[in-house]
Every structure is written in structure tokens, then in C-alpha cells.
Amino acid sequence: METKGIGSAEQPHLVSLVLQSKKALQHGEQLCFRAQSQYNASAQETIEVLALDAKVRWIAEAIVEQLKLAASVAKCIEEKRAALAKQVKSWDVSRTKHTDSLEDILESLGGQVVPPDFHETSADSSLFGSQHSDDEEDVIIGLPAQRRYSNGGVLSPGSSPSSTLRRPGSILQDKGKGKGKSNNAEERKKMAKADRAKWKTLRDFVDDRAIEEILETVENDRNTLEDILNKTADYPSSLRNTIASLRESLPTPPQIPILTQMQDILIAEDTVIASMAERLESLAGHYDGMAAALKDSEAGEVFADEDLENMNRDTEELPVIMGELDESANEIKDYFQRLIDSRKAAQQNVDHLSRVLNDLDELGDIMGEMLATQNTVEFQCEEALTSLQQHLETLDHLHERYVLYQTAFNKLVLEIARRRQYKEAAENIVHGMMSQLEIMSEEEAQVRKHFNAEYGGHLPEDICLCIGNEPTRWDVSPFSGDVRETLPEIAPDLIVEARERIGGTLDIAVGPESL
């Protein structure tokens with residue numbers, strides 16, 4: 001700095017530089033003051049963020065535990081339903097087995113014909129009485145092919161073999177009844193017997209309507225059981241969907257922990273604040289230098305051109321420093337805003353989790369109702385399965401009854417065949433005895449005639465009056481009050497079929513050993 005005579009000309013220029021420096025210093029102080037205030041507030045925001053984050057994590061962990069409990073309830077209901085479904089499936093398998101067995105025996109009955117003589121009115125007996133159930137009336141209106149017997153019985157194709165009644169009056173005692181039928185009727189009867197396609201089958205004597213009613217009852221009860229099971233069908237999936245929804249609504253933990261984020265922000269703010277302090281000191285030092293130069297200039301000191309150029313250059317750098325201060329202040333502001341946003345987000349998470357807790361309370365009440373309903377369903381299912389099991393016993397009883405019915409019929413066919421052989425053997429014996437007695441009687445008559453012719457005239461008439469009698473003539477007839485037995489006609493192939501169905505040899509014993 002040199003003393004020259006130009007001090008009066010450079011004084012206005014120095015005043016301008018001092019004013020610019022002062023203005024820059026004042027603006028810098030404002031920026032630093034605001035930044036320092038935000039920096040100080042950041043500490044409190046950081047504490048609040050960390051506290052809210054800890055609360056969020058604590059509540060979230062508690063909610064996760066509650067959701068696990070809810071998941072175990074859903075699994076418990078599902079396992080109980082699975083156990084019931086297993087019982088129902090086992091019953092369905094048994095039902096299919098029983099119904100198939102019943103259908104098989106019914107189809108078998110439908111494939112076995114019944115000779116017309118077995119059920120049509122005969123001269124001596126009716127092998128099939130009324131096929132109606134005991135609780136049905138003797139006269140059924142609307143059923144086809146009804147036949148009335150002399151005992152008042154009615155034969156219906158829809159009747160049950162298990163209810164066949166051998167009523168005392170069903171065996172006709174009048175063996176002469178029916179002899180007055182015309183030859184045309186007899187011919188039609190023979191033609192009908194020859195056409196087996198028109199014969200009745202054992203199925204025609206089964207009460208199909210009663211079977212249908214039983215099967216319909218079984219189906220209705222099974223549908224009722226299905227309705228009971230469906231009451232809780234959507235419980236497990238509904239609970240799982242609710243649990244998944246609540247779990248998805250939980251705040252996702254940040255990739256970088258909140259504590260680390262807060263530490264990074266505070267460290268960054270410290271760095272920025274330190275740089276701002278340095279720049280503010282630079283502004284203060286520049287202002288002090290310019291104020292001292294103006295004071296020296298007012299005191300008469302004259303500055304060299306080089307000094308003025310340095311002053312101008314330093315003053316021209318003030319906007320750059322101010323820009324850096326503004327940038328640093330904005331950084332502090334951004335960091336502070338991030339802390340505020342983090343606090344708000346954490347508070348929103350706390351509020352949201354509070355609502356989730358309320359939802360969990362409501363879910364707990366709902367799960368209690370679900371478990372109570374499931375217990376009721378289990379009780380009702382047990383009752384329904386017990387009833388359905390009784391239906392299976394009924395189906396099994398029907399199957400056994402119709403098996404015995406078919407077996408009894410096959411035995412009946414063999415018994416009729418055996419009786420026919422017995423009848424024919426007895427009749428052959430009787431016919432042989434009659435023929436032998438007739439021959440013996442004729443021979444005896446010739447011998448007596450010869451004796452009387454040779455010696456009778458030489459004997460007094462009052463001696464042995466019986467000598468002139470003819471030999472006794474014999475007639476073998478049924479026991480007093482009995483009639484000759486009439487048996488149904490059975491084709492040989494039907495006898496073979498009956499024997500094959502029950503198993504055994506085809507030979508039918510006849511004679512004393514058969515009795």
C-alpha cells in the first residue's frame with residue numbers, strides 16, 4: 001500500500017465494496033443461523049424417529065405372533081374338517097360297496113325267471129302268496145299285473161319277497177277247480193310258458209318302491225351331512241386370506257436400519273455445518289478487512305492499484321461463497337426435511353399398526369365364533385354319520401335278505417324237482433303194485449274157478465260157503481282226505497341253473513334217503 005494523492009477518488013469505490021461485504025456477511029449469518037437451528041432440531045427429530053421406529057418394530061412383532069396364533073387356529077379347523085372328511089369318505093366308500101352289492105343282487109334277481117306255475121293259480125297250490133308288505137292293503141290301485149287268489153291275496157310285481165306270506169288259505173284244496181277252462185285258454189297258457197321273455201323274474205316280486213324310498217332317504221341324509229360340512233368349508237381359507245392381508249399390510253423394514261440412517265444424516269449435517277462455519281469466518285474476515293481499508297482510506301491513506309485489484313477480486317468471490325452457503329443451507333434443510341418425513345412415516349406406521357391391532361381383536365372374536373361353530377358341526381356330523389351308518393346296516397340287511405330270497409328260491413326249485421322225482425317214484429311204485437295185484441287177482445280167479453269146477457260139485461252146499469267167493473280186488477288210493485299232489489313244471493335247464501347258483505351236484509336223491 002502506497003500513499004498517493006488519489007484517496008478522494010477511490011473512497012466511493014471502497015464504500016461500495018464494504019457494503020457488499022457487509023451484506024454478504026449478514027446474509028451468511030442468516031443462513032448459518034437458520035441452518036444451526038435446523039441442525040439443533042434434527043437431534044430432537046432423530047430421537048423421535050428412533051422412538052417411533054422402536055414402537056413400530058415392537059408392535060409389528062406382537063402382531064406377527066398374533067397372526068401365527070390365528071394361523072394355528074386355521075390349521076386346527078382345517079385338521080378337524082379333514083378328520084370329518086375322512087370319516088365321510090370312508091362312509092361313502094362303504095355306501096358304494098353296499099349299494100353295488102344290493103344292485104348286483106337285484107340284477108341277479110332280474111336275470112332269474114320264475115316259471116308261471118310258481119305264481120299263477122294252480123289246481124292244488126299257489127307257491128307264491130301275496131307279495132305285499134303287511135302294512136299295505138290287500139287291494140292296491142294303480143299297480144299293473146295284479147292277481148287275486150282264492151284266499152284274497154293279490155300278486156303285484158312291486159311287492160317284496162321278504163313279505164311273502166304262506167297263508168293257511170293260499171293252498172287250494174279243491175283239486176277239481178279249474179277243470180272247466182276252455183281248450184283255448186289252456187293253449188294260450190302253454191304258449192305263454194313257452195315264451196320265457198314274458199315270464200316274471202324274481203325282481204318282479206321285490207318291492208322296488210320301498211328300496212327307492214330307502215335310497216332316497218340315504219341320499220337326502222347324505223346331502224344334509226354335506227350341508228353341515230359346508231358351514232365351515234371356507235373358514236380355513238378365509239382365515240388364511242385375512243392373515244395374509246394383515247401380514248402384507250405390516251410396514252416393511254427398510255433395507256438400511258433407521259438407526260444407521262439417522263447416524264448418517266447427523267454426520268452429514270455436522271460436515272455441512274462445519275463447512276458453513278468456515279465460509280462464514282471467511283466472510284467475516286473479508287468484511288473486517290474491507291472495513292479497516294475504508295477506515296484507513298478515510299484517514300487519508302491511499303491504496304495502490306494492486307491492493308484495489310485484490311479488494312475487487314475478493315469482493316467478486318463473495319457471490320461464489322454465498323452460493324456455497326446457500327447450497328449448504330439447502331442441504332441442512334433437506335436433511336432436516338428427511339428427518340421430518342421419517343418421523344411422519346413412523347407415526348403413520350404406528351397409527352396403522354394400531355388399526356391392525358383393532359382388526360386383530362375383531363379377528364379374535366371371529367375365530368372364537370368359528371371354533372364354536374366347528375364344534376357344533378362336529379357334533380352334528382357325528383349324529384348324522386351315526387344315522388347314515390344305520391342306513392348302511394339297512395342296505396346290508398336288504399342285500400342279505402335278497403340273497404337269502406334268491407337262495408331260498410333256488411332251493412325251492414331243487415325241492416320241487418326232488419318232490420317231483422319222489423312223486424313220480426311213488427306213483428311208479430303204486431302203478432307197479434296195481435298192475436301186479438291185477439295180475440295176481442286174475443290168476444287167483446282162474447285157480448279158484450278151476451277148483452270150483454273140479455271139486456265144488458262134490459261138496460255139500462252148506463260147507464264152507466266162502467269157497468265160491470271171487471278174490472279180493474285192491475285199489476291203492478291217497479290217504480283219506482288227501483288229494484294227489486300237483487307240482488309246477490320246471491324246465492331241466494332251470495334246475496341246472498338253480499343248482500349252479502347254490503353250488504353242488506346235479507343229482508337229486510329220490511327214495512327213503514331223501515326223506
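Since we're looking at a predicted model, the values are computed, not measured.

Asks: What exactly am I supposed to notice about the overall build of the protein chain here?
Replies: A tally of regular secondary structure across the protein chain gives 8 helices and 4 strands. Counting helices and strands in the order they occur from the N terminus, the protein chain gives α-β-β-β-α-β-α-α-α-α-α-α. Once local pairs closer than 6 in sequence are excluded, the contacts in the protein chain between residues at least 24 apart make up 90%. Surface summary for the protein chain: the accessible area is close to 31200 Å², and the carbon and sulfur share equals 53%.

Asks: Help me out: how do you make sense of the environment of K411 in this one?
Replies: Examined against the element boundaries, K411 turns out to sit in helix α7 (residues 318-455). A sequence separation of 88 residues divides K411 from R499, and the C-alpha atoms of the two residues are 8.1 Å apart.

Asks: Looking at this structure, I do not really get unusual backbone geometry. What am I missing?
Replies: The phi torsion of most residues other than glycine is negative, and most of the peptide bonds are trans. Phi angles above zero are rare outside glycine, and C464 is one such case at about 50°. Structurally, the position occupied by C464 is in the loop between α7 and α8 (492-502).

Asks: How should the nonpolar core be read in this particular structure?
Replies: In this structure, L102, L109, F118, L225 and Y402 are the most contacted members of the largest nonpolar core, which totals 40 residues. Sorting elements by how many residues they give to this core places α7 first, with 16 residues. Formed by 23 residues, the second largest nonpolar core is a distinct cluster that contains L52, L239, L353 and L360.

Asks: How should I be thinking about the environment of T232 in this particular structure?
Replies: For T232, the position within the fold is in the loop between α3 (208-230) and α4 (235-249). Distance in space between the C-alpha atoms of T232 and Q374 is 6.5 Å, their sequence separation being 142 residues. Beyond its immediate chain neighbours, meaning those up to four positions away, T232 contacts R81, T373, Q374 and V377.

Asks: Help me understand α3 in this model?
Replies: The α-helix advances 3.6 residues per turn, and as a result positions three or four apart in sequence lie on the same side. Along its 23 residues, α3 runs 32 Å from first to last C-alpha, staying within 8% of the 33 Å computed at 1.5 Å per residue. Three or more residues of α3 are buried, namely I211, V218, R222, L225, I228 and L229.

Asks: Looking at this structure, I do not really get a nonpolar patch on the surface. What am I missing?
Replies: A contiguous nonpolar surface patch, about 260 Å² in accessible area, is contributed by I429, M433 and V476. Structurally, V476 can be placed in the loop between α7 and α8. Residue class for V476 comes out partly exposed when judged on its relative accessible area of 33%.

Asks: How do you make sense of α4 when you look at a structure like this?
Replies: The terminal C-alpha atoms of α4 lie 21 Å apart, and with 15 residues this matches the ideal 21 Å at 1.5 Å per residue to within 8%. Every buried residue belonging to α4 is among Y235, P236, L239, I243 and L246, and all of these are buried. The buried residues of α4 occupy an angular sector of 100° when projected down its axis, which confines them to one face. Opposite the buried face of α4, by more than 90 degrees, sit the exposed residues N241 and E248.

Asks: What's the story with the pattern of salt bridges in this structure? I'm lost.
Replies: When the charged atoms of two side chains lie near each other, side chains of opposite charge can form a pair. In the structure shown here, the tally under the stated rule is 19 salt bridges. In this structure, the salt-bridge partner of R240 is E78, at a minimum N-O distance of 2.6 Å. With R240 in helix α4 and E78 in helix α1 (residues 7-110), this residue pair connects regions lying 162 residues apart in the sequence. Ionic contacts of the salt-bridge type, sharing partners, join the residues E45, E48 and R343 into one network.

What counts and what doesn't
Residues numbered from 1 in each chain as written. Predicted model: local features only at pLDDT ≥ 70, side-chain atom pairs only at ≥ 80, totals over all residues. Heavy atoms only, no water. Helix = DSSP H or I, 4+ residues; strand = E, 2+ residues; numbered from the N terminus. Contact = heavy atoms within 4.5 Å. Areas by Shrake-Rupley, 256 points an atom, 1.4 Å probe, with all protein chains shown as cover. Core = buried A, V, L, I, M, F, W, Y, C linked by side-chain atoms within 4.5 Å. Buried < 20%, exposed > 50% of the residue type's maximum accessible area, 1.4 Å probe, protein only. Expected span 1.5 Å × (residues − 1). Patch = residues over 30% accessible without salt bridge, like charges linked within 9 Å, V, L, I, M, F, W, Y side chains within 5 Å. Salt bridge = Lys/Arg side-chain N within 4 Å of Asp/Glu carboxyl O. Arc of directions from axis to C-beta.

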